[in-house]
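# Residue-level structural notes
If you want the building blocks of each chain, they are given just below.
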Amino acid sequence: MAPVDHGAPPGGDAPGPVAHRRWWERNRLWVLLLVPLLALALASSGFRLVRIYLPWNYSRPQIAHASAMTFSQDWRYNSRLTFHRQATIKVRGVTVVDAEGGRRAAPGATLYRVELQLDADPDVLMTGCDIMLLGPDGTRYGVSGAKVDIPGADQPFGIACVPAEAPGPTVDVVTDEVTPSDSPRPTTWTIVTSVALPSAVKPTQVRVQWTEPDYAVLDVPS
Amino acid sequence: MTFTREGLVTVLLVIGALTVGSVVVERLPKAEDVMDQRFVTYGTLGQSVGLRTGTITVTKVEASRTVSSALGRAVTNGIFVILHVEVTAIGKPLSLDPDDARLVALDGRQFGGDTPVSTACGPAQPGVPLECEFTLEAVPDALAGAHVRLPAAATLIVGPPETEFADIDLGITGAGSADLGAQTAPIKLRGPRPKGA
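Residues numbered from 1 in each chain as written. Chains lettered and ligands numbered in written order. Predicted model: local features only at pLDDT ≥ 70, side-chain atom pairs only at ≥ 80, totals over all residues.

## Some thoughts on the overall build of chain B
We apply this condition: The helix and strand labels rest on DSSP assignments: H or I over at least four residues marks a helix, E over at least two residues marks a strand, and numbering proceeds from the N terminus. Atoms counted for the radius of gyration: C-alpha only. Globule rule: 2.2 Å times residue count to the power 0.38. Throughout, a residue-residue contact means that the two C-beta atoms, derived from backbone geometry, are no farther apart than 7 Å.
Looking only at helices and strands, chain B has three helices and 13 strands in total. In terms of C-alpha radius of gyration, chain B reaches 24 Å, well past the compact-globule figure of 16 Å for 197 residues. Counting only C-alpha atoms and orienting by the principal axes, one finds that chain B spans roughly 90 × 35 × 30 Å. Partitioning the contacts of chain B with sequence separation of at least 6, the portion at a separation of at least 24 is 74%.

## Description of the environment of Thr44 of chain B
As for its position among the elements, Thr44 of chain B is in strand S1 (residues 39-44). Remark: the alpha-carbon pair of Thr44 of chain B and Ala63 of chain B, spanning 19 residues in sequence, is separated by 18 Å.

## Quick word on the interface of chain B and chain A
Facing 15 residues of chain B, the contacting portion of chain A comprises 17 residues. For the side of chain B that touches chain A, the elements supplying multiple residues, two or more each, are helix H1 (5-27) and strand S8 (121-124) of chain B.

## As for unusual backbone geometry
For the record, the criterion: Any residue with 12 or fewer other C-beta atoms within 10 Å of its own C-beta is exposed, any with 20 or more is buried, and the rest are partly exposed; the C-beta atoms used are placed from the backbone.
Cis geometry marks the peptide bond from Glu212 of chain A to Pro213 of chain A, where omega comes out at 5°. Its location among the elements puts Pro213 of chain A in the loop between strand S13 (205-209) and strand S14 (214-219). Each neighbour pair has its own omega, and for Gly122 of chain B with Pro123 of chain B the value is 0°, a cis peptide bond. Within the secondary structure layout, Pro123 of chain B lies in strand S8. Located in the positive-phi region is His65 of chain A, a residue other than glycine, with phi close to 55°. Mapped onto the elements, His65 of chain A comes out in the loop between strand S1 (60-63) and strand S2 (68-77). C-beta crowding within 10 Å serves as the criterion here: with 9 such atoms nearby, His65 of chain A is assigned to the exposed category.

## As for the nonpolar core
To keep things clear, this is the line we draw: A set of buried residues drawn from Ala, Val, Leu, Ile, Met, Phe, Trp, Tyr and Cys, joined through C-beta atoms within 7 Å, is what defines a nonpolar core.
Of all hydrophobic cores here, the largest spans 79 residues; its most connected members are Ile89, Leu133 and Val195 of chain A together with Val81 and Val87 of chain B. A total of eight residues in this core trace back to one element, the largest contributor, which is strand S4 (residues 72-89) of chain B.

## Things to note about helix H3 (residues 174-181) of chain B
All names here are of chain B. Filter applied, for reference: Think of it as the arc spanned by the lines of direction from the helix axis to the C-beta atoms.
Where H3 is concerned, the buried positions are Ser177, Leu180 and Gly181. Here the buried residues of H3 occupy an arc of 95° about the axis, which is enough to place them on one side. The inward-facing, buried residues of H3 contact strand S3 (54-69) and S4.

## Some remarks on the sheet that holds strand S4 (residues 99-100) of chain A
All names here are of chain A. Our working rule: One bridge is not enough; two strands pair if DSSP finds at least two bridges between them.
Strand order in the open sheet made by the three strands is S4-S5-S9, with antiparallel pairing throughout. A strand with exactly one partner marks an edge of an open sheet, and here the two such strands are S4 and strand S9 (147-149). In this structure, S4 lies alongside strand S5 (residues 103-105), joined through two bridges in antiparallel fashion. Looking at S5, one finds that Glu100 is bridged to Arg103.

## Some details on the domain arrangement of chain A
Rules: Residue ranges labeled as domains rest on an automatic or database domain assignment.
Taken domain by domain, chain A comprises domain 1 (17-51) and domain 2 (61-219). Of note, the centres of domain 1 of chain A and domain 2 of chain A, computed from C-alpha atoms alone, are 50 Å apart.

## Observations regarding the pairing of S2 of chain A
All names here are of chain A. Here S2 pairs with strand S3 (residues 81-97) via ten bridges, running antiparallel. Bridged to Ser72 within S3 is Gln86. Between S2 and S3, which pair antiparallel one after the other, the connecting turn spans three residues, and Asn78 there sits at a positive phi close to 55°.

## Remarks on the domain arrangement of chain B
Entries for chain B in the domain assignment read domain 1 (1-35) and domain 2 (38-194). Inter-centroid distance (C-alpha atoms) of domain 1 of chain B to domain 2 of chain B is 50 Å.

## Some remarks on the confidence of the model for chain B
All names here are of chain B. Here is the rule: The pLDDT value expresses, per residue, how confident the predictor is, ranging between 0 and 100.
Residues at a pLDDT of 70 or more form 99% of chain B, whose mean pLDDT is 92. For chain B, helix H2 (residues 31-36) is the element with the lowest average pLDDT, namely 80, and strand S2 (residues 49-50) is the one with the highest, namely 98. With a pTM of 0.85, the predicted complex shows an ipTM of 0.84.

This is the structure in structure tokens:
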């Protein structure tokens, strides 16, 4: 509490300097300190969002506004191994087909063949990608849904993100060590997969992702 | 020590601020209450229930003591309740796990969990309905008036548990439960498939 100036003349027009100071003047410093303290409280309450939710979800888009782009991300494996992934992604085509990979579209859906060209150094880890088509409203369509197996045809399990015979380096899930492939991966290769969309929806963008939180968004070539 | 009017006002202001703060804190929901809060949308057999991830419809209820699927065959001394479920995703592909479903009896008993014939229901592509069967093992006396509680998405191994549910009244009457409980014909599950396929 501020001291009271008992020496000030009672009822005078010019009381002493201390008594005349108003509450705001005497506590200005503490009130101003409230601003950074509130900011600190807000920042600390956002810890889960910043350190857990955003890094563990696909929250950081890299949007090409074209059908080709250079995708770049730094990522960790088990918080111990750190990597840099840089690749040029080019959408070579998104075309309507009757069947692809031993599957056809379900009733009410249309099947699109998606062909991507990737360029990356042979020592970059490129396994484990996921590819989606996006509709005009941003709805994501995955490679597994709305398809029907063609009896007798071979159906691949998942997307072949890298050449099967030369996948490039992979991480051994038991030893957490990077294992090189027997043959060096070519610097340029092609990924082919398919996505079934409701027939009323035309795809506008292609989404490609590996490790959270970065993902690439490219336009479907016209 | 001298008491002044200003000092008294300051003390009253501090006490008032602490009281207001205490009341506000008491009235605000606790963090654990928010984390555990459940968002339940109620529906009935044949009615589409809209959730944040899509719409879920239980179209038909069957029962048997013997159920088979591509994974194998299961027999129970109780009763297998087979729910025919239609799922339409919104925004992104949706997968549901039949093991997460719970049959809730009128007296609160819950039935469900893993069965030897359970298969994942998904992924459902947005806008393209997917048909699945959910198999829940229960006892016949739990069927009359039972509800089924279906999570909005499959429960992940890591992360918080799902908090949004569809709670669907299966419309099983006392006579209906006796009929279902007496069913012995084996049921073969088709597994997830797009509607009409």
